[in-house]
Amino acid sequence: MFGNYLIRISMRISSVLVRSLYLSVILAASTCSSLYAAETKEGIDQQIDKILSPAADVSEKIVFWEVPIGNDKAIPLVLIILGITALSLTIYFRFINFRALGTAAKTIRGKYTNPDAPGQITHFQALSAALSATVGLGNIAGVAVAIAIGGPGATFWMIIVGLCGMTTKFAECTLGVKFRKVDADGTTRGGAMYYLRDGLASKGEFLAILGKVLAVLFAIFCIAGAIGAGNMFQANQAQEQFSNSFGILNEGWQFGLIIAVLVGAVIIGGIVWIARVTSFLVPFMCIGYMLAAILILFVNLSEIPSSISLIFTEAFTGTAAAGGIIGAIIQGIKRGVFSNEAGVGSAPIAHSAVRTDKPASEGLVALLEPFIDTVVVCTMTALVIISSGMWNVKADTDKQINLFSAPESGSVVTTVDAGTKFNLSDETLTHKDVETGEEIIDWYKVKVFKKDSEGWVSANDIKLRSKDGIWLTSEAFATVIDWFPYVLSIAVFLFAFSTMISWSYYAEQSVIYLFGNNKKIINSFKVIYCLFIVIGSAASLDSVIRLADSLFFCMVVPNLIGVYFLLPVVKSELSKYMEHVKKIDGSS
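Residues numbered from 1 in each chain as written. Predicted model: local features only at pLDDT ≥ 70, side-chain atom pairs only at ≥ 80, totals over all residues. Heavy atoms only, no water.

## A look at the environment of Ala538
Okay, so step 1: Its place among the elements puts Ala538 in helix 20 (residues 519-538).
Okay, so step 2: Each C-alpha atom, one on Ala538 and one on Ala235, is 8.8 Å from the other, the two residues being 303 residues apart in sequence. (Helix = DSSP H or I, 4+ residues; strand = E, 2+ residues; numbered from the N terminus.)

Have a look at this one:
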């Protein structure tokens, strides 16, 4: 009785969430329309940002509750859980993330797969669909944010998270296939919600009840995470890069409206269409982006050794803007997991559609994701930013300005053109706001990027870029090829587009789990999902990334509880598959 009561409560919460999503879209649209009609000084983008900012504040405080570790330092509990899980699973499975790379590669080619096995897509298509959700702007903008806030040392911790996260991804995707549902028409339904409900059901009455509650909570969080991380963040950074490069669609909502229409046209087709689109886009995107990064690194070849040295030095000494070494660790883990999704529970949804009768086969394929996504792509981006020197650039100007010998002195040191970038020193001139008591910076002491010119500039004459992730990466590429931001804009658009359509599928599966295969509810959600693309494009990066992080990391706790309890199942499936592999290899 008590278990059924908890389940009813969880379902009621999910119903409230969906209604809240409807309400938030209506409220945002209504507010912005009325403000626009009234011709206020602030545009639609600014008003949308005002709506999102308080939500980001509240959600960030709840999800990233911090554990004090002494000396006024603290680490969010959810990041501790993710880090410990990744390391412990790597040891538990005896470093399967390194031992099974060859087997994983052969599995992708279909060597060990029964062509008549249940499922909808191939191993390669499943990997592509999942990579399209992970290889996105987290690799381009997210890495830059990590370095800007956590320093170059954040790169080291991202790599560690990627390597250990391979095992976490293996475990959760094995479970995703093991407990998936195959409909009469061959359509698959899978994900963390199914192994939480059905997997824990075999562990006793209490865990059966807990599993049902956790499954509902995960589905709710997955919908929210898809809207935040898989949608709004992607749209936000794609819009910024596009408008910065081409100087058009500077109003974010206009760009978002166009992308929303394009995404809507694809997501109506479901997983098969998504797999077809992403299996074409993902290899093209990855190869193109990697070739460009290699070109930049070749030009900056002499800076690579010092860049690598800086990554290791800063990882353990840390001059991060937010907390030294602790800041580097936090940003490395946060952006690494945001990028590769290991432990979040989202990837099993895509991998569950694979054509196989051996669950661990897809688990081994899935462990390649964090390696490709974080260890390879994120590291390349980080080296581009660090070797170019852009990692320490914190501001630029969009007009011709003077640098002065002292604040308000009138003595001009030099004049710089629009587009000039600056390194900021610790010296500033401030005043205290009478109403809030907050220290407001009026003047900054700056050094012109890659030049010896120094001086003071008014805060009104420069734009701070410490959290503008996509701008930082774009300008790092531009230090070698000045027209490359235009090419990057196309790549960013493709990355964002593929991520948004894949996350829409994740959210759709969660909606189906909560409400059944109700076409009206599913199609209504797809409309809501597309509307949030517009909202994400219009808001500021600060609000979007804080909200996206919070909604995204909510999925971790219910997912990892299930993974821990079901580890024996994963181990058993791995043993069965490795025996199958030995038989195939022995007979060939």
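So much for the structure itself; the text now carries on.
## Some thoughts on helix 13 (residues 304-316)
Okay, so step 1: The end-to-end C-alpha distance of helix 13, which contains 13 residues, comes to 19 Å, matching closely the 18 Å that a straight helix rising 1.5 Å per residue would cover.
Okay, so step 2: When helix 13 is considered as a whole, its buried residues turn out to be Ile304, Ser307, Ile311, Glu314 and Ala315. For helix 13, the buried positions fall inside an angular range of 110° around the axis, keeping them on one side. (Expected span 1.5 Å × (residues − 1). Buried < 20%, exposed > 50% of the residue type's maximum accessible area, 1.4 Å probe, protein only. Arc of directions from axis to C-beta.)

## A short note on the pattern of salt bridges
Okay, so step 1: On inspection of all chains with the given rule, the structure shows 13 salt bridges.
Okay, so step 2: The shortest N-O distance in the salt bridge between Glu369 and Lys169 comes to 2.7 Å. Within this pair, whereas Glu369 is found in helix 17 (residues 368-388), its partner Lys169 is found in helix 8 (residues 153-178), the two being separated by 200 residues in sequence.
Okay, so step 3: A relative accessible area of 0% places Glu369 in the buried class. (Salt bridge = Lys/Arg side-chain N within 4 Å of Asp/Glu carboxyl O.)

## Some details on the packing of helix 8 against helix 23 (residues 567-587)
The description of two helices packed together rests on the angle between their axes and the distance between the axes.
Okay, so step 1: Look at helix 8 against helix 23: their axes get within 10 Å of each other, and the N-to-C directions meet at 80°. Classified by the angle between their axes, helix 8 and helix 23 sit roughly perpendicular to one another. Judged by residue contacts, Phe170, Ala171, Thr174, Leu175 and Lys178 of helix 8 engage Val569, Val570, Glu573 and Leu574 from helix 23.
Okay, so step 2: Its residues assigned to classes, the contact of helix 8 with helix 23 comprises six nonpolar, one polar and two charged. (Axes fitted to C-alpha atoms, helices over the stretch in contact; angles between N-to-C directions. Parallel < 35°, antiparallel > 145°, perpendicular 65-115°, else oblique. Contact = heavy atoms within 4.5 Å. Nonpolar A, V, L, I, M, F, W, Y, C, P; charged D, E, K, R; others polar.)

## Describing the environment of Ala507
Okay, so step 1: Tracing the backbone through its elements, the reader meets Ala507 in helix 19 (residues 484-515).
Okay, so step 2: With 158 residues separating them in the primary sequence, Ala507 and Ile349 have C-alpha atoms 9.4 Å apart.
Okay, so step 3: With residues up to four places along the chain from it excluded, the contact list for Ala507 reads Ile223, Ala226 and Phe525.

## Points about the packing of aromatic side chains
Any aromatic ring pair is given by two values, namely how distant the centres are and how the planes are angled relative to each other.
Okay, so step 1: For the structure on display, the rule yields 15 aromatic pairs.
Okay, so step 2: With a centroid separation of 4.9 Å and 90° between ring planes, the pair formed by Tyr92 and Phe93 is classed as edge-to-face.
Okay, so step 3: Looking at Tyr92, the relative accessible area reads 31%, which means it is partly exposed.
Okay, so step 4: With relative accessibility at 2%, the residue Phe93 sits in the buried group.
Okay, so step 5: Residues Phe156 and Trp157 carry aromatic rings whose centres are separated by 4.9 Å and whose planes lie at 85° to one another, so their mutual orientation is edge-to-face. Of the two residues, Phe156 and Trp157, neither departs from the other in class, the shared state being buried.
Okay, so step 6: Taken together through their ring pairs, the aromatic side chains of Phe156, Trp157, Phe312 and Phe316 make up a single cluster.
Okay, so step 7: Between Lys571 and the ring centre of Tyr92, over which it is positioned, the NZ or CZ distance is 4.5 Å. (Phe/Tyr/Trp six-rings, centres within 6.5 Å; stacked < 30°, edge-to-face > 60°. Lys NZ or Arg CZ within 6 Å of the ring centre and 35° of its normal.)

## Describing the environment of Ala192
Okay, so step 1: Summarising the element assignment, Ala192 is placed in helix 9 (residues 192-200).
Okay, so step 2: Residues in contact with Ala192, not counting those within four places in the same chain, are Phe218, Gly345, Pro348 and Asn559.

## Digging into the nonpolar core
Okay, so step 1: In terms of nonpolar packing, the biggest core is built from 150 residues, with Val263, Leu364, Phe477 and Phe553 touching the most fellow members.
Okay, so step 2: Setting aside residues up to four positions removed in sequence, Phe477 forms contacts with Tyr289, Ala292, Ala293, Ile296, Val384, Phe484 and Leu488.
Okay, so step 3: Formed by 10 residues, the second largest nonpolar core is a distinct cluster that contains Ala395, Ile401, Phe422 and Ile462. (Core = buried A, V, L, I, M, F, W, Y, C linked by side-chain atoms within 4.5 Å.)

## Topic: the packing of helix 13 against helix 17
Okay, so step 1: Where helix 13 meets helix 17, the closest approach of the two axes is 9 Å, and the angle between their N-to-C directions is 110°. Considered as vectors, helix 13 and helix 17 are oriented roughly perpendicular to each other. Listed contacts from helix 17 to Ile304, Ser307, Ile308, Leu310 and Ile311 of helix 13 are Leu383, Ile386 and Ser387.
Okay, so step 2: By residue class, the composition of the contact of helix 13 with helix 17 is six nonpolar, two polar and no charged.

## Overview of the side chain of Glu362
Okay, so step 1: Relative to the elements of secondary structure, Glu362 occurs in helix 16 (residues 359-366).
Okay, so step 2: Not counting chain neighbours up to four residues away, the residues in contact with Glu362 comprise His123, Ala126, Leu127, Cys173, Val177, His351 and Val354.

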